[in-house]
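For reference, the chains in residue letters:
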Amino acid sequence: MIARYAGSVRARLALIATAGVTLLCLAVSVMVLYGVHGAAVDYRTNEVVSAALRVVHLIKRGDLPDIVITDAEGVQVLNTGGEVVAASANLEGRPRLLSLIPDPDNASRTQTVCGVPDFDHECEIVAVFRVYEQDGDWMVYAYDDTVPWYVHPLMLALLIGMTLLLMGLTWFGTSRTVARTLAPVEAIRAKLDEITATDLGQRVPVPSNPDELHALAKTANRTLDRLEAAVEQQRRFASDASHDLRSPITAMRTQVEEAMLHPLEADWEQTGRALLASLDRLQAIVTDLLTLARLDAGAPQACSRVDLSELVRAELAERPRSKKVKTDLRPAVVDGDRLRLARLLTNLLDNAERHAESLVSVTVMREGGEAVLEVLDDGAGIAPGQREFVFRRFARLDASRNRDAGGTGLGLPIAREIARHHGGTLTIADSDSGARFVLRLPAKDG
């Protein structure tokens, strides 16, 4: 659980935000310490200078005592001979501590000095004043401690405390905010985890706020809708395929069993022809199923320039038709797989031939940027409400089943899949009589 939380988006975002706030707090703390330290040094220096000036005034008034009372850490007064004539109580009896004097053209000098033995070798702020007397120049030295880099322990504690407080608030606030933001994601994940192949009716919860997660949930539900439809289609397809495959197998079994009952009286030649007919039907179904499987899997296809008019002429010349075929062929070039387009055309012609009374019409032309192929028969036609139904796999109208019991019910679905793979459409359009199948593909310049 700890490892999972440590690697979660919530923990990572909280860690990044906290690290950013920490760096910001450190930068602000350094700036604050720098500014406050500079102000404190100026204030401490002014105090040392003020302490030295008070001693200078005592000298000028002639009121200098032997023991000088001062707010500074130490004071020494030297006469013209360099002898200590007055000092603060802590420096009483000590010799001259420093030889530092003001420049010749200045009356004072302020400097930080380190390594003074009498002050435990710590750094001190030293103010030196030159006092002009009748017998010569006197020197007044005032000492005080320098300001540490952290200014004061309370200042350091305040900055550290504020940094820790902001880090804690950032971690807590970011963690809570991310947790609330990702709560819909967890709900979606949990619901998706519950959905199985046998229970595709469930949908993920959609957040009320119209944000990215709302769009994600709606997209997931649309994907589940498509998945449920695809699974349902596969179930129907498996059921229909099983039924259509079982029919020729049952017929063959019946024929063999009848012949085996009276083997001496059976017409084995007739039985063989019947079995071959059933095997042909079985082979046709299996071939169509394999073709659909390849199309569904998105198998690669050869691509070349194909003139639909030439394709129709070649197909009609190669295989004579039982019904009269009328053509109106004008150049219409497309990019595609010639073998698959020939299969599409064959399926449309076979379908029209089975349902036509006496005439099949084939038209090829170009309309704008599309190549159009139309196959029209003079049969009973297809009702508008049934025009999409005939493209379902193994779907055959009752009239079609009566006229052509040997059909596989996969010709039109295969034709539509080939059209879709070529970026086109295959539909059934209105016509005065019969069924009018219209193929539209993106046209190319020949």
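Per chain, the residues get numbers from 1 upward, laid out in the order the sequence is written. At least 70 in pLDDT is required for a residue's local features to be given in this predicted model, at least 80 for side-chain atom pairs to be given and counted, and no such filter applies to totals for whole chains, interfaces and linings, which use all residues. In computing side-chain properties, one takes all heavy atoms of the structure into account and sets aside hydrogens as well as water.

Enquirer: Looking at this structure, I do not really get the nonpolar core. What am I missing?
Expert: What tends to happen in soluble globular proteins is that the nonpolar side chains get buried as a cluster. For this analysis, a nonpolar core means a set of buried residues of the types Ala, Val, Leu, Ile, Met, Phe, Trp, Tyr and Cys, connected via side-chain atoms within 4.5 Å. With a 1.4 Å probe rolled over the protein chains alone, any residue whose accessible area is under 20% of its type maximum counts as buried; one over 50% counts as exposed, and the rest are partly exposed. Ranked by internal contacts, the top residues of the largest apolar core, which has 40 residues, are Leu348, Leu373, Leu426 and Phe437. Of all the secondary structure elements, the ones that give two or more residues to this core are α5 (268–296), α6 (308–318), α7 (338–355), β10 (359–367), β11 (370–377), α9 (411–421), β12 (425–429) and β13 (436–444). The element contributing the most residues to this core is α7, with 6 residues. The contact criterion used is simple: two residues touch if any of their non-hydrogen atoms lie within 4.5 Å. Those residues in contact with phenylalanine 437, other than ones at most four positions away along the chain, are Leu348, Asn351, Leu373, Glu374, Val375, Ile382, Phe391, Leu412, Leu426, Thr427 and Ile428. Listed in part, the 19 residues of the second largest apolar core include Val56, Val75, Val140 and Ala142. The way it works is that DSSP assigns letters per residue, a run of H or I at least four long becomes a helix, a run of E at least two long becomes a strand, and they are numbered from the N terminus.

Enquirer: When you look at the confidence of the model for the protein in this model, what are you seeing that I'm missing?
Expert: Low-confidence regions, as indicated by low pLDDT, have predicted coordinates that should not be scrutinised in detail. Here pLDDT means the predictor's own confidence in every residue, given as a number from 0 to 100. The predicted model of the protein has a mean per-residue pLDDT of 85, with 91% of residues at 70 or higher. Ranking the helices and strands of the protein by mean pLDDT puts strand β2 (residues 74–78) first, with 94, and helix α1 (residues 2–6) last, with 43.

Enquirer: Would you take a moment to explain helix α3 (residues 153–194) for this structure?
Expert: Turn by turn, an α-helix covers 3.6 residues, leaving residues three or four places apart pointing in a common direction. By this rule, a helix spans an expected 1.5 Å times one less than how many residues it contains. The end-to-end C-alpha distance of α3 is 59 Å, a good match for the 62 Å that 42 residues give at a rise of 1.5 Å each. Helix geometry: α3 is bent most strongly at leucine 182, by close to 40°, with proline proline 184 lying one to four residues after it. Taken as a whole, α3 has its buried residues at Leu159, Thr163, Thr170, Thr174, Ser175, Val178 and Ile188. The bend reported for a residue corresponds to the angle between axes fitted to the seven residues ending at that residue and the seven starting there.

Enquirer: How should unusual backbone geometry be read in this particular structure?
Expert: For residues besides glycine, phi is generally negative; the peptide bonds are generally trans as well. Positive phi, normally seen in glycine, also occurs at valine 151, with a value near 70°. One can find valine 151 in the loop between β6 (136–145) and α3.

Enquirer: Help me out: how do you make sense of the packing of helix α2 (residues 9–61) against α3 in this one?
Expert: A pair of packed helices is characterised by two quantities: the angle between their axes and the separation of those axes. Direction vectors running N to C along α2 and α3 enclose 155°, while the axes themselves pass 8 Å from each other. Comparing the axis directions of α2 and α3 gives the class roughly antiparallel. Between α2 and α3 lies a crossing whose hand is right-handed. Among the residues making up the contact of α2 with α3, the classes are represented as 19 nonpolar, 7 polar and 1 charged. Only C-alpha atoms enter the line fits that serve as axes; for helices the fit covers just the stretch in contact. Angles between N-to-C directions range over 0 to 180 degrees. Any angle between 65 and 115 degrees counts as roughly perpendicular, while under 35 counts as roughly parallel, over 145 as roughly antiparallel, and the rest as oblique. By convention, the crossing between two helices is left-handed when the near helix turns anticlockwise from the far helix through less than a right angle, and right-handed when the turn is clockwise. In this classification, Asp, Glu, Lys and Arg are treated as charged, Ala, Val, Leu, Ile, Met, Phe, Trp, Tyr, Cys and Pro as nonpolar, and every other residue, Gly included, as polar.

Enquirer: What is the right way to read a nonpolar patch on the surface from this model?
Expert: Patch definition: residues with relative accessible area over 30% and no salt bridge; like charges joined within 9 Å; nonpolar side chains (Val, Leu, Ile, Met, Phe, Trp, Tyr) joined within 5 Å. The method behind every accessible area is Shrake-Rupley, applied with a 1.4 Å probe, and residues are considered shielded solely by the protein chains displayed. We define a salt bridge as a contact between a side-chain nitrogen of Lys or Arg and a carboxyl oxygen of Asp or Glu at a distance within 4 Å. A contiguous nonpolar surface patch, about 380 Å² in accessible area, is contributed by Val9, Leu13, Ile16, Leu182 and Val185. No other element matches α2, which puts 3 residues into the nonpolar patch. Mapped onto the fold, isoleucine 16 is located in helix α2.

Enquirer: Please explain the sheet that holds strand β5 (residues 124–133) as it appears in this structure.
Expert: The strands making up a sheet associate through hydrogen bonds between their backbones, and the pairing can be parallel or antiparallel. Strand order across the open sheet formed by 6 strands is β1-β3-β2-β6-β5-β4, with mixed pairing between neighbours. Across the chains shown, the open sheet's two edge strands, defined by having one partner strand only, are β1 (67–68) and β4 (108–113). Should DSSP find at least two bridges between two strands, the strands are taken to pair. Relative to β5, β4 is paired through 6 bridges, and the arrangement is antiparallel. Along β5, the bridge assignment pairs valine 113 with glutamate 124. Docked against the sheet, α2 engages β1, β2, β4, β5 and β6, running at close to 25° with respect to β5.

Enquirer: Explanation requested: α9 in the structure shown.
Expert: Turning to α9, its buried residues number three or more, namely Leu412, Pro413, Ile414, Ala415, Glu417, Ile418 and Ala419. Phi turns positive, to about 75°, at glycine 423, one or two residues after α9.

Enquirer: Can you help me understand the packing of α6 against α7 in this one?
Expert: Interaxial distance between α6 and α7 falls to 10 Å at its minimum, and their mutual angle equals 60°. Crossing of α6 against α7: the hand is right-handed. Residue-level contacts link Leu311, Val312, Glu315 and Leu316 of α6 to Arg338, Leu341, Ala342, Leu345, Thr346 and Leu349 of α7. Residues belonging to the contact of α6 with α7 are distributed by class as follows: 7 nonpolar, 1 polar and 2 charged.

Enquirer: I'm lost on the state of the cysteines in this one. Help?
Expert: One covalent bond between the sulfur atoms of two cysteine residues makes up a disulfide. Here, two cysteine sulfur atoms that lie within 2.5 Å of each other are counted as a disulfide. By the definition in use, this model includes 1 disulfide. Each sulfur of the disulfide joining cysteine 114 and cysteine 123 lies 1.7 Å from the other. Here the disulfide of cysteine 114 and cysteine 123 is right-handed, its torsion about the S-S bond being about 100°. A relative accessible area of 47% places cysteine 114 in the partly exposed class. Taking relative accessible area as the criterion, cysteine 123 reaches 29% and is therefore assigned partly exposed.

Enquirer: Any chance you could explain the side chain of lysine 323 here in plain terms?
Expert: In this structure, lysine 323 sits in the loop between α6 and β8 (324–329). This count recognises Lys and Arg as positive and Asp and Glu as negative, with His and chain-terminal groups excluded. Here lysine 323 occupies a buried position and makes no salt bridge, while the nearest side chain of opposite charge, glutamate 353, is found at 6.6 Å. Of note is the side chain of lysine 323, whose polar atom sits 2.7 Å from the backbone oxygen of alanine 356. Here a polar contact is recorded for every N or O atom pair within 3.5 Å, except that within protein the pair must consist of a potential hydrogen donor and a potential acceptor, and residues adjacent in sequence are included only if both atoms are side-chain atoms.

Enquirer: Would you explain the packing of aromatic side chains in this entry?
Expert: What characterises a pair of aromatic rings is the spacing of the ring centres plus the angle enclosed by the ring planes. Centres within 6.5 Å are what make two rings of Phe, Tyr or Trp a pair, Trp counting through its six-membered ring; a difference in plane orientation under 30 degrees is then read as stacked, over 60 as edge-to-face, and the rest as tilted. Tallying each qualifying case throughout the model produces 3 aromatic pairs. When the centroid spacing of 6.2 Å and the interplanar angle of 80° are considered together, the rings of phenylalanine 391 and phenylalanine 437 count as edge-to-face. Here phenylalanine 391, found in the loop between β11 and α8 (398–403), pairs with phenylalanine 437, found in strand β13; they are 46 residues apart in sequence, far enough to count as distant. Residue class for phenylalanine 437 comes out buried when judged on its relative accessible area of 2%. A cation sits over an aromatic face here: arginine 416 above phenylalanine 391, 3.8 Å from the ring centre. Either the NZ atom of lysine or the CZ atom of arginine qualifies as a charge over a ring when it sits within 6 Å of the ring centre and within 35 degrees of the ring normal.

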